[in-house]
Amino acid sequence: MAFSIISLFRTYPFSSGSLSPLNLLSMPPVRTFRISSSLSTSQHDHHPKQQQDQHPSFRDTSTRWKPMCLYHTHGKCNMMDDQVHLERFNHNFSEQLRLNLMEFKNLRSQQFDFFLVLDLEGKIEILEFPVVLVDAKTMDVVDLFHRFVRPSQMSEQRINEYIEGKYGKLGVDRVWHDTAIPFMEVAQQFESWLIHHRLWRKELGGPLDKAAFVTCGNWDVKTKVPQQCQVAKMKLPKYFMEWINLKDVYLNFYKRRATGMMTMMKELQIPLLGSHHLGVDDAKNITRVLQRMLADGALMQITARRECNSTGKVEFLFKNRIR
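Counting starts from 1 at the beginning of each chain's written sequence and moves along it residue by residue. In keeping with the model being predicted, local features are shown solely for residues with a pLDDT of at least 70 and side-chain atom pairs are shown and tallied solely at 80 or more, while totals for entire chains, interfaces and linings include all residues. Only hydrogens and water are set aside; all other atoms, that is, all heavy atoms of the structure, feed into the side-chain values.

Visitor: Hey, could you run me through the state of the cysteines in this one?
Guide: Each disulfide consists of a covalent bond between the sulfur atoms of two cysteine residues. The definition used for a disulfide is geometric: two cysteine sulfur atoms within 2.5 Å. With the rule as written, the count across this model stands at 0 disulfides. Counting only cysteine sulfurs, C77 is the nearest neighbor of C69, a cysteine outside any disulfide, at a range of 3.9 Å. Only protein chains enter the accessibility calculation, which uses a 1.4 Å probe. A residue is then buried if its area is under 20% of the maximum for its type, exposed if over 50%, and partly exposed in between. On the basis of relative accessibility, which here comes to 0%, the residue C69 falls in the buried class.

Visitor: How should I be thinking about the environment of V231 in this particular structure?
Guide: Among the structural elements, V231 can be located in helix 5 (residues 219–231). Of the residues examined, V231 reaches a relative accessible area of 22% and is grouped as partly exposed. Between two residues, a contact is recorded if the distance between any of their heavy atoms is within 4.5 Å. Filtering out sequence-adjacent residues up to four positions away, V231 remains in contact with E125, S152 and Q153. A run of H or I in DSSP becomes a helix once it reaches four residues, and a run of E becomes a strand once it reaches two; helices and strands are each numbered from the N terminus.

Visitor: Before we go on, may I ask you to explain the side chain of T73 in this structure?
Guide: Its location among the elements puts T73 in the loop between strand 2 (64–65) and helix 1 (83–88). On the basis of relative accessible area, T73 is assigned to the buried category, the value being 11%. Distance and chemistry together define a polar contact, namely a pair of N or O atoms within 3.5 Å, with one atom able to donate a hydrogen and the other to accept it when in protein, and with adjacent residues in sequence counting only for side-chain atoms on both sides. Only 3.0 Å separates the side chain of T73 from the backbone oxygen of L70, close enough to count as a polar contact. Leaving out residues up to four positions away in the same chain, T73 has contacts with M68, L144, H146 and R147.

Visitor: Sorry, what's going on with the sheet that holds strand 6 (residues 181–182) here?
Guide: Strands pair in a sheet through their backbones, by hydrogen bonds, and they do so in one of two ways: parallel or antiparallel. Should DSSP find at least two bridges between two strands, the strands are regarded as paired. An order of 6-5-4-3-7-8-9-10 is seen for the 8 strands of this open sheet, with the pairing classed as mixed. Each edge of the open sheet carries a strand with a single partner, namely strand 6 and strand 10 (314–316). The sheet contact formed by strand 3 (residues 114–118) and strand 4 (residues 128–135) spans 5 bridges and is antiparallel. From the neighbouring strand, V117 faces strand 4, where its bridge partner is V132.

Visitor: Got a minute to help me understand the packing of helix 6 (residues 246–254) against helix 8 (residues 279–296) in this structure?
Guide: Helices that pack against each other are described as a pair by the angle of their axes relative to one another and the distance between those axes. Working convention: axes come from line fits to C-alpha atoms, limited for helices to the stretch in contact. Angles between N-to-C directions cover 0 to 180 degrees. Packing of helix 6 against helix 8 brings their axes to within 12 Å, and their N-to-C directions diverge by 30°. Looking at the two axes, helix 6 sits roughly parallel to helix 8. Both helix 6 and helix 8 take part in a crossing whose hand is left-handed. Across the interface between the two elements, L246, V249, Y250, F253 and Y254 from helix 6 touch I286, V289, L290, R292, M293 and D296 from helix 8. Angle categories: roughly parallel below 35 degrees, roughly antiparallel above 145, roughly perpendicular from 65 to 115, and oblique for all the rest. Here a crossing is called left-handed whenever its near helix is offset anticlockwise from the far helix by less than a right angle, and right-handed whenever the offset is clockwise.

This is the structure we're talking about:
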């Protein structure tokens, strides 16, 4: 999907004193989407193509999509009193993901209280670390943690080339340079965020408390987080020992293979919002798939777990899984 780029001209959404007025934040334009994904009418009929009725919570034709202010997700937007900026950019991440719980009849009790939807970006080193916190009972989005990550083993020239190639085409390369911090700092801030939401106790140093990571595939937690921890010369945190691969749950619930986020969204008739491969937008869209599956009555279970004190050995808990 191609996106044209707009600039904010004389309105600069970054914190004063640290960023240059020449660094304009460019984002895709405001777009309107017709949300028309359907819900199953029976707990025993989970096949997406067999679903006929469109649920009102998933077909809000009045939804006016706006791109997120990525300075705001980093706590660096100082334009909250600028009406033009507020009209152009979204500052409430949960607004477009809010559902009416009373309209869903197939919801099941989950073994977790919260889900943390994680979708990393970066092949060489992690470049973006977004996590969406979802209430398992209400399906509400509680909070968002989002950080751009500065590589530690790449030259500045290589970083500039890499970021221009990945984020330049999305118009967010400038905000990446203005906000990116080393992975060690991201990990520390993330742990503070977990503690704030009472999802993890630092003094115990163990797994998450009644919460689980949800990913679209095994790569994020199985492969990339351990690799990045090794690069950062830090131990793999214990809360990264298990996770839910949404693709495996999808396969076993709908009895249909989906190789990735885009396939699941297409089959469930959920239109893409934002830019694919911008981590914060992908995490948001994966959250919408998760919400839909919960609404259809899916039970979220741990699909993969590391063996004790091992970063490389992983036990896959579903017999039927995407390989």
